[in-house]
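Examining the three-dimensional arrangement
Here's the letter readout for the chains.
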Amino acid sequence: MADAAEIQGPSASPARRRLRRAGALLAGAPLLAGLLQLTAAEPAQAAPADSVSVALDSLTPSAPTEDDTLTVSGTVINNGRQTVTGAHVGLRVGPLLNTRSAVDGIAQHPNDLRGSTGDEVGGKYTEKFSKLVPGVAEHFSISVPVDELDLGKDGVYSFGVSVSGKTSARPWDQMLGIERTFLPWQSSEADTKSRTTFMWPLLSSVHMTARTGAGERQTPVFQDDELAKEIAPGGRLAQMMDLGRDLDVTWVIDPDLLAAVDAMANGYRVQQPDGTSKAGSRENQDIAKQWLAGLQKAVSGKEVVALPFADPDLASLAHTGTSVTGSLSHLKDATDVAALTVKTVLHVTPTTDFAWPVEGAVDPSIIKVATSAGADRVIARSDSLRESSGLSYTPSAARPIGGGTTAVVADARMSTAFEGDLTKADSSTLAVQQFLAQSLEANVQKDEQRSVVVAPQRTPTASQAQAMATAVKALQDGNWSQPETLTAAAKAKPDPDATTRIPSTSAYPSSLRKQELPRSAFEQIANTQDKLDNFQVILTDQSRVVTPFGRAINRGMSTSWRGQAAKADGFRADVLSYLDNLGGQVKLIDKSETKLSGRSATIPVTVQNNLVQPVGHLYLRLSSTQPTRLKIGGKAYDEQPVEVSGGHSQSVKFTTSANANGRATVLAQLYTEDGQEYGDPVSFDVKVTEVTPTVMLVIGGGVLLLVLAGFRMYTQRKRAAARQAEEEGPDGAEADSGDGSGNPDDAGDRLPEESGSPAGAAGPDQPGDPAPDTAPESADPSGTGERVDR
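Values in this document were obtained by computation on a predicted structure and should not be read as measured data.

Below, the discussion takes up the overall build of the protein chain. Secondary structure summary: the protein chain contains 19 helices and 30 strands in total. The 790 residues of the protein chain split such that 47% are buried. Looking at the protein chain as shown, the accessible area adds up to about 37200 Å², and 51% of this sits on carbon and sulfur atoms.

Here is the structure:
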């Protein structure tokens, strides 16, 4: 964005300030003479700029008005080797700054003694120290009524806190250190106020895996327990929620964060280094519930913008992902699920037509990808979409860039004001004052209302969030700005002189390009999607797999992986590994060599399903690699449908027929309904032992011998019966057996089925007759229902 033009006008300092300056010059004349004499005696040595450091820990109010009392506090530390005596800390009001570039210059060198330091307020508005011992920090606090600062025209003033004193080497009063910042001065309501949109980002890194616990409930498994720390009281996300509740901001939320906290609230598990998982604590579940309840209240009545699920890296998609088939479809899925997730968890309907590339850096390919999923508003930044027409003011954020797309250009200076380490109070205070200075400076550039958008870093730290909240609160209480939603800023009337030219792809920052996801990442994602498509076809309840893996694929291309290439690779590899493991739960059981002792038989093949849910839509194909020797169902292969209940196995039987002796290899393979191979094939040999004519002759001869033996037995018994009848005589009287029992001893002459004795049992008349020890056998071929040995 072009620097603002110089704003002309009379000096802001009144007559009293001019008199004070004249007095200071007269009072310093003798000292100057002494210094000139000292210079003649020895070379001059300027006091080192860091001999005494000043830290401005607090400046309240940040944007004072006429009736306020300004309170400044902080610390000074003597970094030199000599004790400083007669020291005092004073406040200095510098000149009115006329450009945003002037604000930049002071912000870049706040401790430079050579810059304009302004006049010291002096008098009783100082704090004195008899001595400053090297290395010892001394605290100061000075309060001064604002009307004592002699502020004139509204605008941004340079403001500094300085420390002066003497050393043994230089026994005269001198400025030994200073810290300069800004004092925004808008004494009354501005005639024209800027409309300011502050995006309040609620995003985190990836926490959930694709894994779930066993059973119907599918308890989600987290990578670690870091999310619990972020949402716990005092944590980063807890503070973001608490601070944002009282601010008029636009909430920008990653639905994946809401899904993760919601999953934690309902019970979760944490992955362990050994591959197992353990149950998350009840305390963390309660923390998650409290955070969600607090967030629901915080966003009530506020604008909520939902980013695509897991905040996909749009630049990586544009620069490397589009060359891999199917990558853009994942962005569409992530966008479609975003609104539903936010509405389900927070009970508000979000806006989903904004895309937010990393750091607002855009080029034509990023714009194309960003709008491919339905977003027609792209949040850019002014250091990417630079003004080229030499504008002397900051134009409104909205820029129509063609095709019905609007680029919402955030102000780069204000958006980056809270980056860096703000854990120290000093750096936080300077960030707040710099932000307010840039805001006021932009407002006074032109007497026409404009929309300004602030898009800070995606995941501010707790200290950065605190500084942001302080600045937004001061801005809302100030006299030159009014809040505006992001949607309203996008719809505002665009400035006809503002640039709408998207920078070329070659202009994309190399520092950001180095952090992008490589092509291999999208190839791995595509591989995972292919396997998921193949797996879900066989499931009766696809949502149990499609939902967790679909969201895991979205997480695999998250913006949060920037700068963490190894960790990102590990996450995507784990998703693929787990999917392979699940798919492998439905498989064919290995089979050993099978013997086929006949011209036909049934071969069973077993399908095992270790999943919780039933599987179907599968076909099992059994193929013979030597169909001239062995046929399956009368041809080279046969296939049958397969349905297996959860946790069970199912045997599928195939009818086979043999044409010749020997071994034949058989291949079993599962297929999905659409003809895709599923799982690994199982191969086994079938040994064919066909019945020969010689064997049949031997069996026939044996049967003939048994028939002849039976006929001989029958003939002999008939003859014995006839002899017995002759001996009894014509009157039919029985002959005495000689044992006195009166019973004939004829048991050995009865037929086997009559006596119930074993067939062929030896009797007194046939002691040597052989008897078969098995039932009669059939020489017919085996039936088709026969089961063969495995």
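On to the pattern of salt bridges. With the rule as written, the count across this model stands at 28 salt bridges. One salt bridge in this structure joins R572 and D569, with 2.6 Å as the shortest N-O distance. A residue pair is termed a helical-turn pair when its members lie 3 or 4 positions apart in one helix, as R572 and D569 do in helix 17 (residues 565–583) at three residues. Here the salt bridges share partners, and the residues they tie into one network are D313, E516 and R562.

What follows covers the packing of helix 4 (residues 236–245) against helix 6 (residues 282–298). The N-to-C vectors of helix 4 and helix 6 enclose an angle of 25°; their axes lie 9 Å apart at closest approach. Comparing their axes, helix 6 and helix 4 come out roughly parallel. The chirality of how helix 4 crosses helix 6 is left-handed. Within the contact between the two elements, helix 4 uses L237, A238, M241 and R245 and helix 6 uses W291, G294, L295 and A298. Partitioning the contact of helix 4 with helix 6 into residue classes produces six nonpolar, one polar and one charged.

This paragraph deals with the environment of N111. Among the secondary structure elements, N111 is positioned in the loop between helix 2 (100–108) and strand 4 (119–120). Residues N111 and G177, spaced 66 residues apart in sequence, show a C-alpha to C-alpha distance of 7.1 Å.

So, on to the packing of aromatic side chains. Under the counting rule described, the total for this entry stands at six aromatic pairs. Here the aromatic rings of F418 and F435 are separated by 5.2 Å at their centres, their planes lie at 45°, and the arrangement is tilted. Placement of F418 in the loop between helix 10 (412–415) and helix 11 (425–443) and of F435 in helix 11 is noted, with a sequence separation of 17 residues between them. Note on accessibility: F418 and F435 belong to one class, buried. Residues F549 and Y578 carry aromatic rings whose centres are separated by 5.7 Å and whose planes lie at 20° to one another, so their mutual orientation is stacked. One end of the pair, F549, is in helix 16 (residues 543–555); the other, Y578, is in helix 17, with 29 residues separating them in the sequence. The buried category is assigned to Y578, whose relative accessible area is 9%. A cation over a ring is seen here: R551 above F309, with NZ or CZ 5.5 Å from the ring centre. The ring of F684 has K591 sitting right over it, with the charged end atom 5.6 Å from the ring centre.

For the rest of this paragraph, the subject is a nonpolar patch on the surface. On the surface, L704, L705 and L708 cluster together into a nonpolar patch covering about 320 Å² of accessible area. For L708, the location among the structural elements is in helix 18 (residues 693–728).

Confidence in the prediction of the protein chain, expressed as mean pLDDT, is 85, and 83% of residues score 70 or more. Note on residues 1–47: pLDDT under 50 across the span, and 58 contacts to partners over four residues away in sequence or across chains. Segment residues 732–790: pLDDT under 50, and 54 contacts once partners within four positions in sequence are set aside and those in other chains are kept.

In a beta sheet, neighbouring strands are held together by backbone hydrogen bonds and run either parallel or antiparallel to one another. Pairing is mixed across the open sheet formed by four strands, whose spatial order is 16-17-19-18. Bordering the open sheet on either side are strand 16 (354–355) and strand 18 (398–402), each of which pairs with just one other strand. As paired strands, strand 18 and strand 19 (residues 405–410) are joined by four bridges and run antiparallel to one another. Paired with G402 across the bridge in strand 19 is T405. Against the sheet, helix 9 (residues 364–372) engages strand 16, strand 17 (377–381), strand 18 and strand 19, with an angle of about 145° to strand 17.

Turning our eyes to something else, we now look at the environment of G662. Inspection of the secondary structure puts G662 in strand 29 (residues 662–672). Taking the C-alpha atoms as reference, G662 lies 10.0 Å from K595; in sequence the two are 67 residues apart. Sequence-distant contacts of G662, that is, excluding residues within four places in its chain, are made with R629, V686, K687 and V688.

With that settled, the discussion passes to the nonpolar core. Of all hydrophobic cores here, the largest spans 76 residues; its most connected members are F535, F549 and L620. Discounting chain neighbours no more than four positions away, the residues touching L620 are L588, V605, V607, D638, E639, Q640, V642, V652, F654, A668, Q669 and L670.

It is the contact of helix 5 (residues 255–265) with helix 6, at a shortest axis distance of 7 Å, that shows an interaxial angle of 135°. With respect to helix 6, the axis of helix 5 lies oblique. Relative to helix 6, the crossing made by helix 5 is left-handed. Mapping the contact onto sequence places L257, L258, V261, D262, M264 and A265 in helix 5 and N284, Q285, A288, K289, W291, L292 and L295 in helix 6. Taken together, the residues of the contact of helix 5 with helix 6 break down into nine nonpolar, two polar and two charged.

This paragraph deals with the sheet that holds strand 24 (residues 600–609). Across the sheet, which stays open at both edges, the four strands sit in the order 22-24-28-26 with antiparallel pairing between neighbours. Edge strands, defined here as strands with exactly one partner in the open sheet, are strand 22 (586–588) and strand 26 (630–632). Averaged over all adjacent pairs, the angle separating strand axes in this sheet is 35°, with direction ignored.

What follows concerns unusual backbone geometry. That bond from T60 to P61 is cis: its omega, -10°, falls within 30 degrees of zero. You can see P61 is positioned in the loop between strand 1 (52–60) and strand 2 (69–78). Even without being a glycine, E359 presents a positive backbone phi close to 55°. By the secondary structure assignment, E359 is in the loop between strand 16 and helix 9. Residues other than glycine seldom take positive phi values, yet H617 does so here, at roughly 55°.

Criteria and cut-off values
Residues numbered from 1 in each chain as written. Predicted model: local features only at pLDDT ≥ 70, side-chain atom pairs only at ≥ 80, totals over all residues. Heavy atoms only, no water. Helix = DSSP H or I, 4+ residues; strand = E, 2+ residues; numbered from the N terminus. Buried < 20%, exposed > 50% of the residue type's maximum accessible area, 1.4 Å probe, protein only. Areas by Shrake-Rupley, 256 points an atom, 1.4 Å probe, with all protein chains shown as cover. Salt bridge = Lys/Arg side-chain N within 4 Å of Asp/Glu carboxyl O. Axes fitted to C-alpha atoms, helices over the stretch in contact; angles between N-to-C directions. Parallel < 35°, antiparallel > 145°, perpendicular 65-115°, else oblique. Left-handed = near helix turned anticlockwise from the far one by under 90°. Contact = heavy atoms within 4.5 Å. Nonpolar A, V, L, I, M, F, W, Y, C, P; charged D, E, K, R; others polar. Phe/Tyr/Trp six-rings, centres within 6.5 Å; stacked < 30°, edge-to-face > 60°. Lys NZ or Arg CZ within 6 Å of the ring centre and 35° of its normal. Patch = residues over 30% accessible without salt bridge, like charges linked within 9 Å, V, L, I, M, F, W, Y side chains within 5 Å. pLDDT = per-residue confidence, 0-100. Pairing = 2+ DSSP bridges. Core = buried A, V, L, I, M, F, W, Y, C linked by side-chain atoms within 4.5 Å.

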